[in-house]
Amino acid sequence: MIHYAGPVQRAWAYLVSATVLLATLWPMAWPPGADSFPLSSYPMFANSRGSAVTSLKYAIGVSADGARSWIAPGLVANGEVLQARAVISRSIAAGKAKARARCRDIAGRIAAEGALPAVREIRLITGTHDAVEYLTGRDRVGEEKIHASCPVPGRKESEAAGDGR
């Protein structure tokens, strides 16, 4: 036997449906850029992105032939990407001595774990890159400033790529 909802149940269903629909559409009436939780106009998608140029602080490994390798977060601090980024940023902000110490620490971890066997040098860098150009492969590297560089212990010094910073 089929049971149909009575008029009261239907009225509640219509009321709930209309409320959800209005709550979903309500952010469309907000001024541009307004945002609120849990309702959102998603301004990050609705507004112009502006410049895609971004500045980041990071560590790279360099092999004897100049090839670059990204260093895993676990070799910088722990397995967390944002924590590794914060460690590098704080080291660079604290000055050359702290940046060199962090560089040597990363190089020591790489040597101890036998990671990245081709890497001979570690560099702590602030890079300014166009994210769209980088991610589409048109511009692999933007402007970079090297804050510290150091050799990986136990790897042939004569093969270390570097400028002695």
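Residues numbered from 1 in each chain as written. Predicted model: local features only at pLDDT ≥ 70, side-chain atom pairs only at ≥ 80, totals over all residues. Heavy atoms only, no water.

A. Structural context of the packing of helix H4 (residues 81-93) against helix H5 (residues 96-113). Running from N to C, H4 and H5 cross one another at 140°; their axes reach a closest spacing of 6 Å. Seen from H4, the contacting residues are Val87, Ser91 and Ile92; seen from H5, they are Lys98, Ala99 and Arg102. Here the residues of the contact of H4 with H5 are counted per class, giving 3 nonpolar, 1 polar and 2 charged. (Axes fitted to C-alpha atoms, helices over the stretch in contact; angles between N-to-C directions. Helix = DSSP H or I, 4+ residues; strand = E, 2+ residues; numbered from the N terminus. Contact = heavy atoms within 4.5 Å. Nonpolar A, V, L, I, M, F, W, Y, C, P; charged D, E, K, R; others polar.)

B. Just the confidence of the model for the protein, in detail. In this model, the protein carries an average pLDDT of 86, and 89% of its residues clear a pLDDT of 70 or more. Within the model, pLDDT remains below 50 along residues 158-165, and this stretch shows 19 contacts once partners closer than five positions in the same chain are excluded. (pLDDT = per-residue confidence, 0-100.)

C. Region of the structure containing the pattern of salt bridges. Summed over the entire model, instances satisfying the criterion amount to 4 salt bridges. Between Arg109 and Asp105 there is a salt bridge; the shortest N-O distance is 3.5 Å. With Arg109 and Asp105 both in helix H5 and 4 residues apart, the pair spans about one turn of that helix. In this structure Arg109 comes out as partly exposed when scored by relative accessible area, which is 26%. Assessed through its relative accessible area of 30%, Asp105 is described here as partly exposed. Taken together, the shared-partner salt bridges in this structure form one network comprising Arg102, Asp105 and Arg109. (Salt bridge = Lys/Arg side-chain N within 4 Å of Asp/Glu carboxyl O. Buried < 20%, exposed > 50% of the residue type's maximum accessible area, 1.4 Å probe, protein only.)

D. Representation of the state of the cysteines within the structure. Applying the stated criterion across every chain, the model contains 1 disulfide. The residue that forms a disulfide with Cys103 is Cys150, at a sulfur-sulfur distance of 2.3 Å. Taking the torsion about the S-S bond as the criterion, the Cys103 to Cys150 disulfide, at about -100°, is left-handed. With Cys103 in helix H5 and Cys150 in strand S4 (residues 143-151), this residue pair connects regions lying 47 residues apart in the sequence. Neither residue differs from the other here; Cys103 and Cys150 are each classed as buried. (Disulfide = S-S within 2.5 Å.)

E. Molecular detail of the side chain of Glu121. With respect to the secondary-structure elements, Glu121 resides in strand S3 (residues 119-130). A polar side-chain atom of Glu121 sits 3.2 Å from a polar atom in the side chain of Arg123. Within the structure, Glu121 has its side chain in polar contact with the side chain of Ser149 (distance 3.3 Å). (Polar contact = N/O pair within 3.5 Å; in protein donor to acceptor, adjacent residues only side chain to side chain.)

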